[in-house]
Amino acid sequence: MNRVRCLVLNAALGPLDYKVPEGMVVEPGVVVECPLGPRTVIGIVWEAERLPGTEVPVEKLRNLRGLLPVPPLSAPLRRLIEWTADYYVASLASVARMALSSGGALKGRATMTEYRLTGGMPERMTPQRQAAIDALEGEQANIRELAGIAGVSEGVLRGLVNQGVLEPVEVDCDRPYDPAHPDFAEVALSAQQREASGIFSDAVRAAKFAPFLLDGVTGSGKTETYFEPVAQALRMGRQVLVLLPEIALTENFLHRFEERFGAPPVLWHSSLKSTERRRAYRAVSEGSAQVVVGARSALFLPFRQLGLIVVDEAHETSFKQEEGVRYNARDVAVMRGHFEQVPVVLASATPALESLQMAESGVYAKVDLPSRFGGAQLPAIDTIDLTEEKPPQGMWLAQRLVDGIEERLGRGEQSLLFLNRRGYAPLTLCRNCGFRYQCPNCSAWLVEHRFTNRLACHHCGHEAPAPKACTECGEPDCLVACGPGVERIADEVAERLPQSRVFVATSDTLNSPGRAAEFIAAVEAREVDVIVGTQLVTKGFHFPELTLVGVVDADLGLEGGDLRAGERTYQQVAQVAGRAGRGSKPGEVLIQTRHPEAPVIAALAAGDRDAFYSAETEMRREAGAPPFGRWAAIIISSEDDAEAREAASRIGAFRPEVAECLILGPAPAPMALLRGRYRYRFLINARRSVQLQDVIRRWLGALDHPPGVRVAVDIDPYSFV
Ligand code: ADP
Ligand code: ZN
């Protein structure tokens with residue numbers, strides 16, 4: 001082949017043709033350097049017949065510049081890239097970029113200089129140097145990363161290198177990982193676990209596409225159950241991908257994995273150091289990374305020979321990417337299994353309605369774990385009607401819940417209070433003039449954080465010190481906190497039960513694997529009596545002494561009113577309830593609500609999951625909502641409000657007329673301002689028979705917009721803001 005078609009990593013360009021120079025051997029999937037004007041861009045050689053482009057005469061073609069030293073992207077991965085771009089109405093280039101996610105790895109084998117402490121001291125100590133030495137104990141990384149860890153400038157660290165306090169270490173970027181052993185420490189499974197894992201292991205042996213829904217109650221041992229098929233894949237020399245929804249959960253997982261397989265798995269997530277990233281990427285592509293545990297981006301890694309994919313906590317909405325290519329990792333995982341011809345296990349105690357529906361219609365095979373491991377019982381659930389059992393003035397916890405915590409304190413047991421709101425209070429206003437503190441970049445209130453004494457926006461990260469006097473009217477000491485966040489609940493517990501030791505667990509406090517590990521260790525050592533946490537503590541954690549769970553405000557999730565509000569509330573409360581009584585002691589759950597009669601709350605209290613799901617299913621069917629109909633959103637945004645509005649109304653003017661497809665909008669999005677961009681939205685609701693993506697592509701493809709305007713398409717949206 002002396003001419004090839006390349007997919008170049010530039011979303012604005014279509015496929016480009018090149019000549020293959022004498023002596024270069026290419027095949028589809030190889031990663032190449034392509035000349036483009038005076039520049040060089042990275043491209044992937046693709047099957048020409050799958051990438052229609054304009055035929056350029058051969059004499060006009062330029063030579064490919066070179067081959068990058070990484071294995072070619074496999075045919076199944078190329079098909080996955082095509083499918084993802086097509087389904088989510090994204091450019092092929094932007095999806096391909098996710099598969100080439102380590103720039104360093106593409107350059108081949110390398111060594112790199114990292115630095116670590118020698119134990120020596122500088123001639124002259126400064127506070128900054130001391131701080132760096134304290135912070136860098138046990139760390140090894142490049143200067144930039146160490147500066148980030150220590151919170152000092154790179155200059156300070158270079159000074160320490162010159163003084164011999166930090167020494168350089170040559171690191172082989174591709175040093176192999178410790179091997180995982182399938183038979184290192186086999187676990188005796190219960191009968192129900194054995195039956196389930198046997199089904200998965202058989203599927204791994206068959207090496208064919210087979211999607212499963214592992215529907216197991218909290219504490220049933222889903223992890224142990226899917227470890228057996230993982231071992232089976234390892235015995236066959238195949239790789240495994242396990243997707244987890246949050247990095248805070250990986251700590252517990254890593255520990256259990258290492259106990260079972262004698263070595264940790266390979267990690268993949270967005271906060272890896274660049275050296276770890278390239279090492280993992282290359283090991284995955286060469287096949288030496290046996291088990292990869294990762295966030296959703298791991299889905300596009302270039303595995304050499306996959307044998308199994310597991311999506312744990314598969315109902316989690318964080319599997320949906322909300323920027324760039326807006327894909328749902330759960331669904332893309334199933335497609336990857338299809339192209340790779342391997343089984344895919346979606347594991348959850350509270351599956352998404354979409355997944356249950358797939359099982360019901362026979363597309364996914366459903367495997368159940370109906371009871372907890374080791375004879376532990378599911379907790380008893382009761383509601384507290386806040387309109388009758390009112391908390392004291394200015395407080396948020398009913399006396400019955402506080403009594404419950406106190407009882408646990410007396411027995412040396414632990415309690416967990418769940419409220420999905422970070423910070424101290426969700427709204428701050430001035431008692432004198434009524435001014436409400438709002439984010440300058442978003443349509444959102446600023447949230448007070450007492451730990452840091454700041455007002456913060458949870459959407460864009462904007463932060464400001466909490467003012468002493470009102471910035472509007474100048475009145476001093478007149479700001480009032482409205483409503484509770486987890487910090488405020490923690491204060492209330494400390495005030496009403498002064499003997500208790502309270503820990504606030506949120507993404508603010510558990511923001512690294514290390515801090516998550518400290519938290520787990522503290523709870524296990526019984527140094528914590530009451531955990532107050534957000535959705536982060538609703539899943540994954542297994543604390544045998546935790547016997548009481550209090551849901552501070554079960555109505556909170558229902559307020560947003562979006563399509564999945566009921567389902568999300570059900571999942572969150574059921575998951576957090578599942579943290580109670582996982583050991584030998586029985587658990588109790590108290591749900592605070594103003595609407596005990598609401599169907600979701602009633603189903604939770606009755607422990608009647610089927611009733612909830614069937615009511616929810618009927619509602620979705622009537623509304624033509626997923627999985628019975630389809631939704632898509634189109635968001636038009638710009639930093640200039642008028643520009644965004646005009647672009648939206650122009651798009652509106654070209655709206656297509658399609659049968660059984662309802663197009664609503666344009667209207668200002670509920671978050672009309674987000675991160676400094678003004679936003680307008682179309683919502684599309686269509687029957688399943690409509691080729692929704694084609695409709696959108698034809699509609700938007702014909703229109704051009706000013707450079708400041710962004711048009712984002714969201715297929716199967718989860719967020720309706
Ligand atoms: P789930 O994810 O289904 O909520 P886990 O996988 O966290 O449940 O399991 C709950 C607890 O039971 C964990 O501490 C786990 O180690 C333990 N466990 C589950 N199955 C077994 C088994 N077969 N042998 C020993 N311990 C088990
Ligand atoms: Zn903001």
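Keep in mind it's a predicted model, so treat the numbers as computed, not measured.

J.: What is the right way to read the overall build of the chain from this model?
T.: Looking only at helices and strands, the chain features 20 helices and 29 strands. Computed over its C-alpha atoms, the radius of gyration of the chain comes to 27 Å, within 12% of the 27 Å expected for a compact globule of 721 residues. For the chain, buried positions account for 53% of its 721 residues. Within the chain, contacts between residues at least 6 apart in sequence are counted, and of these 76% link residues at least 24 apart. Working note: accessible area of the chain is about 31000 Å², and carbon and sulfur atoms make up 51% of it. Here the chain contributes 79 positive and 91 negative side-chain charges, whose respective centroids are spaced 5 Å apart.

J.: Is there a simple way to explain the packing of aromatic side chains in this structure?
T.: Geometrically, a pair of aromatic rings is defined through the distance of the ring centres and the angle of the planes. Tallying each qualifying case throughout the model produces 21 aromatic pairs. Ring centres 5.1 Å apart and planes at 75° place the aromatic pair F200 and F212 in the edge-to-face group. Of this pair, F200 sits in helix α6 (residues 191-206) while F212 sits in strand β8 (residues 210-216); the two residues are 12 residues apart in sequence, bridging distant segments of the chain. A single burial state applies to F200 and to F212, both of which are buried. Both rings, one in F227 and one in F261, keep their centres 5.4 Å apart while their planes meet at 75°; by these two values the pair is edge-to-face. Taken as a pair, F227 in helix α7 (residues 222-235) and F261 in helix α8 (residues 250-261) lie far apart in primary sequence, 34 residues in all. Cluster of aromatic residues (ring-pair linked, three or more members): Y226, F227, F253, F257 and F261.

J.: Please explain the sheet that holds strand β24 (residues 546-551) as it appears in this structure.
T.: The strands that make up a sheet are held in pairs by hydrogen bonds between backbone atoms, and each pair lies either parallel or antiparallel. Reading across the sheet, the 6 strands line up as β15-β25-β24-β16-β23-β22 and stay open at both edges, with parallel pairing between neighbours. Both outer strands of the open sheet, β15 (380-385) and β22 (502-505), are each paired with one neighbouring strand and no more. Each strand of the sheet is rotated relative to its neighbour by a mean of 20°, with strand direction disregarded. Bridge count for β24 against strand β25 (residues 588-593) is 4 bridges, and the pairing is parallel. Each residue of the ladder has a partner; that of G550, found in β25, is L590.

J.: Which parts of the structure should I look at to understand the coordination of the zinc ion (ligand 2)?
T.: In an ideal tetrahedron of four donors about a metal, each angle is 109.5 degrees. In an ideal octahedron of six donors, the angles are 90 or 180 degrees. Bound to the zinc ion (ligand 2) on the protein side are C439 (SG), C442 (SG), C457 (SG) and C460 (SG), at distances that span 2.2 to 2.4 Å. Taken together, the 4 donor atoms coordinating the zinc ion (ligand 2) and their angles of 103 to 114° define a geometry best described as tetrahedral. Taken in sequence order, the residues that donate to the zinc ion (ligand 2) follow the motif C-x2-C-x14-C-x2-C. With a gap of 15 residues between them, C442 in the loop between β17 (427-430) and β18 (447-449) and C457 in the loop between β19 (454-456) and β20 (463-465) connect regions that are remote in the sequence. For C442, a relative accessible area of 1% puts it in the buried group.

J.: Sorry, what's going on with the side chain of R620 here?
T.: Within the secondary structure layout, R620 lies in helix α18 (residues 609-623). When sequence neighbours within four positions are dropped, the list of residues in contact with R620 reads L353, E354, L563, R564, E567, A625, P626, P627 and F628.

J.: What is the right way to look at the environment of R630 in this model?
T.: Looking at the secondary structure, you find R630 in strand β26 (residues 629-638). Using a relative accessible area of 9% as the deciding quantity, one classes R630 as buried. If sequence neighbours within four positions are ignored, R630 has contacts with Y87, G624, I684, N685, A686, R688, V690, L692, Q693, I715 and D716.

J.: Whenever I open this one, the nonpolar core confuses me. Can you help?
T.: The nonpolar side chains of a soluble globular protein tend to be buried, and buried together. Ranked by size, the top nonpolar core spans 113 residues in total, and within it V292 and I531 carry the most contacts. Contact partners of I531, with chain neighbours within four places excluded, come to S415, L416, L417, F503, A505, F519, V523, V537, F543 and L546. One finds F212, L234, F253 and L308 within the second-largest nonpolar core, a separate group that totals 29 residues.

J.: So what exactly am I meant to see when it comes to the site of ligand 1 here?
T.: Inspection of the region around ligand 1 gives 16 residues, with A188, Q193, G219, K222 and R256 positioned closest. Interatomic distance of 2.8 Å between a side-chain N/O atom of K222 and an oxygen atom of ligand 1. A total of 3 residues in the shell around ligand 1 trace back to one element, the largest contributor, which is α7. Here the shell around ligand 1 is composed, by residue class, of 5 nonpolar, 7 polar and 4 charged.

J.: How do you make sense of the pattern of salt bridges when you look at a structure like this?
T.: Note on pairing: side chains with opposite charge can pair once their charged atoms come close. What the rule picks out here adds up to 49 salt bridges. The residue E354 makes a salt bridge to R620 at a minimum N-O spacing of 4.0 Å. In this pair, E354 sits in helix α11 (residues 353-360) while R620 sits in helix α18, placing the two residues 266 residues apart along the sequence. Considered together, E354 and R620 belong to a single accessibility category, that of buried residues. For E389, the salt bridge goes to R400, with nearest N and O atoms at 2.8 Å. One end of the pair, E389, is in the loop between β15 and α12 (399-411); the other, R400, is in helix α12, with 11 residues separating them in the sequence. Each of the salt bridges in this network shares a partner with another, and the network as a whole consists of E47, R50, R78, R79 and E82.

J.: Honestly, the sheet that holds strand β27 (residues 661-674) in this entry has me stumped. Any pointers?
T.: Taking strand neighbours across the sheet as the criterion, the 4 strands line up as β27-β28-β26-β29 in an open arrangement whose pairing is antiparallel. Lying at the two open borders of the sheet, with one neighbouring strand each, are β27 and β29 (710-715). Going from strand to strand, the sheet's axes swing by 20° on average, the running direction of each strand aside. Bridge count between β27 and strand β28 (residues 677-687): 8 bridges; the pairing is antiparallel. From the neighbouring strand, C661 faces β28, where its bridge partner is A686. Along the sheet, helix α19 (residues 641-653) contacts β26, β27, β28 and β29; its crossing angle with β28, the most-contacted strand, is approximately 20°.

J.: Please clarify how the pairing of β25 should be interpreted in this entry.
T.: Along any regular strand the residues' side chains alternate between the sheet's two faces. Burial within β25 is extensive, with 5 of its 6 residues counted as buried. Across 6 bridges, the pairing between β15 and β25 is parallel. Bridged to D385 within β25 is T593.

J.: How should unusual backbone geometry be read in this particular structure?
T.: Trans peptide bonds make up the majority, and among non-glycine residues the majority have a negative phi. Cis geometry marks the peptide bond from P626 to P627; its omega dihedral reads 5°. With respect to the helices and strands, P627 occurs in the loop between α18 and β26. A cis amide bond links G665 with the next residue in sequence, P666, at an omega value of 5°. By the secondary structure assignment, P666 is in strand β27.

J.: In this structure, what is going on with the side chain of R326? I would like to understand it.
T.: Locating R326 in the fold gives a position in the loop between β12 (306-311) and α10 (329-340). Beyond its immediate chain neighbours, meaning those up to four positions away, R326 contacts Y88, K320, Q321, A712, V713 and D714.

J.: It is not clear to me how the environment of R697 should be interpreted in this structure. Could you clarify?
T.: For R697, the location among the structural elements is in helix α20 (residues 692-701). When the C-alpha positions of R697 and L497 are compared, they lie 59 Å apart, and in sequence the two are 200 residues distant. If we skip the residues at most four places from it in the chain, R697 touches A85, D86 and V89.

J.: How do you make sense of the state of the cysteines when you look at a structure like this?
T.: A covalent bond between the sulfur atoms of two cysteines is referred to as a disulfide. Inspection of the entire model under this criterion finds 0 disulfides. With no disulfide of its own, C470 has C430 as its nearest cysteine by sulfur position, at a separation of 3.7 Å. Taking the relative accessible area as the measure of exposure, C470 reaches 3% and is therefore buried.

Criteria and thresholds
- Residues numbered from 1 in each chain as written.
- Chains lettered and ligands numbered in written order.
- Predicted model: local features only at pLDDT ≥ 70, side-chain atom pairs only at ≥ 80, totals over all residues.
- Heavy atoms only, no water.
- Helix = DSSP H or I, 4+ residues; strand = E, 2+ residues; numbered from the N terminus.
- Rg over C-alpha atoms; globule rule 2.2 N^0.38 Å.
- Buried < 20%, exposed > 50% of the residue type's maximum accessible area, 1.4 Å probe, protein only.
- Contact = heavy atoms within 4.5 Å.
- Areas by Shrake-Rupley, 256 points an atom, 1.4 Å probe, with all protein chains shown as cover.
- Lys, Arg positive; Asp, Glu negative; His and termini not counted.
- Charge placed at Lys NZ, Arg CZ, Asp CG, Glu CD.
- Phe/Tyr/Trp six-rings, centres within 6.5 Å; stacked < 30°, edge-to-face > 60°.
- Pairing = 2+ DSSP bridges.
- Axes fitted to C-alpha atoms, helices over the stretch in contact; angles between N-to-C directions.
- Donors = N, O, S within 2.8 Å, 3.2 Å for Na, K, Ca; no water.
- Tetrahedral: all angles 85-135°; square planar, octahedral: opposite > 155°, others 65-115°.
- Core = buried A, V, L, I, M, F, W, Y, C linked by side-chain atoms within 4.5 Å.
- Near = heavy atom within 4 Å.
- Polar contact = N/O pair within 3.5 Å; in protein donor to acceptor, adjacent residues only side chain to side chain.
- Nonpolar A, V, L, I, M, F, W, Y, C, P; charged D, E, K, R; others polar.
- Salt bridge = Lys/Arg side-chain N within 4 Å of Asp/Glu carboxyl O.
- Disulfide = S-S within 2.5 Å.

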